[in-house]
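Working through the structure, step by step
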Amino acid sequence: MKIGSDFNLKAKIILNKLFEYSDGEVGVRVSVEKICKELSIDKTEAKNLFEYLQDKDCLKIETLGGAYLYGHVSLTKRGVAKSQK
């Protein structure tokens, strides 16, 4: 997987949407499908982005399943901080 500026920009946008939907609260589950549809992210890209953000300890994958492999995610403390930069 190639990580470039476009990939990093989308990861940042995802963190911002998670912050918006969770009101900046750690651990609040947010629908992956809702985020992906709003941002026009396909299944493969979603998988890569959400796994990358989990590896960076910015979010936690809460549930599996659904149209985008993952059902729900939540922000971590680090994710809240990164979304505010």
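This text goes with the structure placed above it.
Residues numbered from 1 in each chain as written. Predicted model: local features only at pLDDT ≥ 70, side-chain atom pairs only at ≥ 80, totals over all residues. Heavy atoms only, no water.

Turning our eyes to something else, we now look at the overall build of the chain. Summing up its helical and strand segments, the chain has 4 helices and 3 strands in all. Secondary structure elements of the chain occur, N-terminal to C-terminal, as α-β-α-α-β-β-α. Computed over C-alpha atoms, the radius of gyration of the chain comes to 11 Å, within 12% of the 12 Å expected from 2.2 N^0.38 for 85 residues, which places it in the range of a compact globule. Projected onto the principal axes, the alpha-carbon positions of the chain cover approximately 30 × 25 × 20 Å. Relative to its 85 residues, the chain shows a buried fraction of 36%. Taking the intrachain contacts of the chain between residues at least 6 apart in sequence as the baseline, contacts between residues at least 24 apart amount to 55%. Summed over all atoms, the accessible surface of the chain reaches about 5000 Å², with 50% contributed by carbon and sulfur. (Helix = DSSP H or I, 4+ residues; strand = E, 2+ residues; numbered from the N terminus. Rg over C-alpha atoms; globule rule 2.2 N^0.38 Å. Buried < 20%, exposed > 50% of the residue type's maximum accessible area, 1.4 Å probe, protein only. Contact = heavy atoms within 4.5 Å. Areas by Shrake-Rupley, 256 points an atom, 1.4 Å probe, with all protein chains shown as cover.)

Any aromatic ring pair is given by two values, namely how distant the centres are and how the planes are angled relative to each other. All chains considered together, the criterion is met by 1 aromatic pair. On the basis of an interplanar angle of 75° and a centroid distance of 5.2 Å, the ring pair of F7 and Y52 is categorised as edge-to-face. Taken together, the residues F7 in helix α1 (residues 5-22) and Y52 in helix α3 (residues 43-55) connect sequence positions 45 residues apart. One exposure class covers both F7 and Y52, and it is buried. Positioned above the aromatic ring of Y21, the side-chain terminus of K34 is 4.3 Å from the ring centre. (Phe/Tyr/Trp six-rings, centres within 6.5 Å; stacked < 30°, edge-to-face > 60°. Lys NZ or Arg CZ within 6 Å of the ring centre and 35° of its normal.)

Over its 18 residues, α1 extends 26 Å from the first C-alpha to the last, a length consistent with the 26 Å expected when each residue adds 1.5 Å. All of the buried residues along α1 are F7, A11, I14, L15, K17, L18 and S22. Projected down its long axis, α1 shows its buried positions confined to an angular sector of 165°, all on one face. If you follow the buried residues of α1, they end up packed against β1 (30-31), α2 (32-39), α3, β2 (59-64), β3 (70-75) and α4 (77-83). Following α1 by one or two positions, D23 adopts a phi angle in the positive range, close to 55°. (Expected span 1.5 Å × (residues − 1). Arc of directions from axis to C-beta.)

Any link to function would need more than the numbers given here.
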